[in-house]
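# Descriptive analysis of the structure
The residues making up each chain are set out below.
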Amino acid sequence: MAVDAAAEQRTMASRLIAALKDATGAALLAFGLSVPILALRTEQNISNELILQPRWDYVAVAVALAFGARLLYLLAPALPRRPSRSARATDTRVMAVFGLALLLSYPMIALALAGTGGAIKWIDNFGIQILIYIMLGWGLNIVVGLAGLLDLGYVAFYAVGAYAYALLSTSDPVKAFMAEWLGPSFWPMWAFWICLPVAGLMAAFWGILLGFPVLRLRGDYLAIVTLAFGEIVRLVLINWVPVTNGYAGITSIPRPTFFGIPFNASDTGFAAVFGIPFSPLYRTIFLFYVILALALLTNWVTLRLRRLPVGRAWEALREDEIACRSLGINTTNTKLTAFAIGAGFGGFAGSFFAARQGFISPESFTFMESAIVVAIVVLGGMGSQIGVAIAAIAMIGGTEILRELDWLKRVFGPDFEPTHYRMLLFGLAMVLVMIWRPRGLIAFRQPSIFLKQRRAVRADMVKEGHG
Amino acid sequence: MREAATPLLDVEHLTMRFGGLIAIDDLSFAARAGEITAIIGPNGAGKTTVFNCITGFYKPTSGRMLLALGGPPPAEEVAALTGSGRRWRRTPTGGIFLLERMPDHEIVARARVARTFQNIRLFSGMTVLENLIVAQHNPLMAASGWTVLGLFGARRYVEAEARAVERAKHWLDRVGLIDRADDPAGDLPYGAQRRLEIARAMCTEPVLLCLDEPAAGLNPRETADLAQFLQSLQAEHGTSLLLIEHDMSLVMEISHRVIVLEYGQKISDGPPEHVKNDPKVIAAYLGVEDEEVEKVEAEIAR
């Protein structure tokens, strides 16, 4: 026994030494990295000269953080591995009902907690903004999560949807045509509801158009070409000034109406018709329910498609394209439907975005948007719908929360701007998730059909797809 | 008696070149309906290339691969189809298909030729049952009204899916995997994965099943079971088999006809007993001295 205890002590000691060595290495690395980035800051003094201001305290904090975090990571007892738990059907159903009830009552909750003044921010910046990204995430999930085709240019379809709505609704010939046939008030009232499906179809069409040239590409090549496609669309929007108005963008896009009743202070407006005092809040709440309905439609369609041959073919394509071909699956059509349906949902989201903002410009459709949506899908994991929703709430909600953290100024001084650290925190969160959950937050796949018992498939069995 | 069997697949003057390399050189053979035809040969002889040509994964450089369903086709029909630019045509008894013109998925869907792979290609992240349902993609796709009807839960699709599950259950029973239907395919042991791959191919209801080394990596017991299983496929479902195999005892036991390839050329073709004693085959497998080749060839010429 005594020998055992001594041996254990020795292994503990050697483990500690190894961890210390490793952590010192990490601290050195942090030092090397932080010297050029943090240690020296150039500032202008009163006589307009650049002076170097050393900030060694920042470096010391960074090094200490790296050392401490690495040491903790190495010495923390290994997290007990949970056996892959199969989520029971009742569990998920209860969760779904609860989530839906929460979403439906969210505007009321925000109103009750923040009052009419504060509620707009919570419904618009958090509710609507997050739901747009959830919808984009669910749309891209069809292409990336199910079909396994890495699409880095998804923002192109978002842009196509937004510009399709913006251009159609503000186009003079269309306005004139509608005014002639259906009366002058028809088009401003109904433009959104008519253009929404059109924008979706347009985006789906562009999805197919992108799909054709990339059919033969895989992996990195596919990613690069889709990325380029996204940039091409943005550059066309910038440079085709006669149509898109370039950088200046398109203004005074008609806002959505309550099925023909506008949200304004006029006598025929929403407030007057329903006999309630006018408030901009109603429009925001209505927009929230519109995007909620669109997102739920996306979810419903995707869940249905997963149980249809086309959805199973997408997943099979992600697993093994050659085997698909040997079973008589037309992989061309399968890929194109994935691109088209994913793009279509992006187009819906885009036209909603244009209607919500009332103004769009190419600035809103940069690669950063694609990257965020891809990050949401990857973080969500395994083509899981709920995972995408959680990831979108965390990423977009987290960004918005940073704007709210004014109390940090009291800690770090009035110059401290939390939003400047957005990308840093993004990166940190990504690194942590990839360490602990390399296959995303939801690390198992629910089979689409079962004989006796629905058992989740472990992440290590499921392939990421070949591009 | 075997000679009476009609050819199902007629491969004529098949040639496949990869740049300067001739993988298959003017190969002609026939696989007959209701028979097990084996293709054997040393490594690199071009066996898998032949499979890839038949199943449409490669477009052959030249040659014709004619598959006839429902008995021997009239010669004028074949000539008419070959002369036209079309890929296939219906005949009064069935259909004739020119496989070299058809894309891979159409070969499975229309000509009903299925295959398995040398290195098993299952959908490892999908369950065993899902693997078999994916194999029935085309009939299910039609039943779901190309997704549109299925999206709204059309009865026609629900029924078709139930039938697909029944067929999957039948095949799971046959390969002894019914208890593992809800497990991921990648979790199965090697031998079970091989069986599942054959079951999956059978779910496409093929008339010709091409098996690429089905016994590779199996132990002798599993190989014996496989032999029985393959013979039962042929007897019960009338599926003709074309198989590539290195396990000679399996080949000699179950095949009706053996074709031997070496360097892309056919060096022997006939019943197993004939091939077994063919000096050219023995030379190819065991190797002979250079001076002996002429002697052997002279013997063959006689």
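Residues numbered from 1 in each chain as written. Chains lettered and ligands numbered in written order. Predicted model: local features only at pLDDT ≥ 70, side-chain atom pairs only at ≥ 80, totals over all residues.

### Let's talk about helix α6 (residues 186–214) of chain A
- The terminal C-alpha atoms of α6(A) lie 41 Å apart, and with 29 residues this matches the ideal 42 Å at 1.5 Å per residue to within 8%.
- The largest bend in α6(A) is about 40°, located at Phe192(A). (Helix = DSSP H or I, 4+ residues; strand = E, 2+ residues; numbered from the N terminus. Expected span 1.5 Å × (residues − 1). Bend = angle between axes of the 7 residues up to and from the residue.)

### Here we look at unusual backbone geometry
Residue and element names in this part refer to chain B.
- Positive phi, close to 50°, is recorded for Asp-26, a residue that is not glycine.
- Assignment of secondary structure puts Asp-26 in strand β2 (residues 21–32).
- At Arg-112, a position not held by glycine, the phi torsion is positive, near 60°.
- As for its placement among the helices and strands, Arg-112 is situated in the loop between α3 (104–111) and β7 (113–115).

### Re the confidence of the model for chain B
Residues and elements named next belong to chain B.
- Per-residue pLDDT for chain B has a mean of 87; in total, 93% of the residues score no lower than 70.
- Mean pLDDT across the elements of chain B ranges from a minimum in helix α13 (residues 290–301), with 62, to a maximum in helix α4 (residues 128–134), with 94.
- Here the complex is predicted with pTM 0.83, and the ipTM for its interfaces comes to 0.87. (pLDDT = per-residue confidence, 0-100.)

### A closer look at the interface of chain A and chain B
- On the side of chain B, 31 residues touch chain A, which itself brings 31 residues to the contact.
- Of all the secondary-structure elements, those providing two or more residues to the side of chain A that touches chain B are α11 (309–319) and α12 (321–326) of chain A.
- It is α11(A) that contributes the most residues to the side of chain A that touches chain B, 7 residues altogether.
- Taken together, the residues that form the side of chain A that touches chain B break down as 16 nonpolar, 5 polar and 10 charged. (Contact = placed C-beta atoms within 7 Å. Nonpolar A, V, L, I, M, F, W, Y, C, P; charged D, E, K, R; others polar.)

### So, the domain arrangement of chain B
Residues and elements named next belong to chain B.
- For chain B, the domain assignment lists domain 1 (1–112 + 207–275) and domain 2 (120–205).
- Contacts between the two partners involve 10 residues from domain 1, matched on the other side by 9 residues from domain 2.
- Elements represented by at least two residues in the side of domain 1 that touches domain 2 include exactly α3, β8 (208–212) and α9 (220–237).
- Classifying every residue of the side of domain 1 that touches domain 2 by side-chain character gives 7 nonpolar, 1 polar and 2 charged. (Domains from an automatic or database assignment.)

### Thoughts on helix α1 (residues 47–54) of chain B
Residue and element names in this part refer to chain B.
- Among the 8 residues of α1, 7 are classified as buried, and the element is accordingly described as predominantly covered.
- Listed in full, the buried residues belonging to α1 are Lys-47, Thr-49, Val-50, Phe-51, Asn-52, Cys-53 and Ile-54.
- Looking one or two residues beyond α1, the residue adopting positive phi is Gly-56, at roughly 85°. (Buried ≥ 20, exposed ≤ 12 C-beta atoms within 10 Å, placed from the backbone.)

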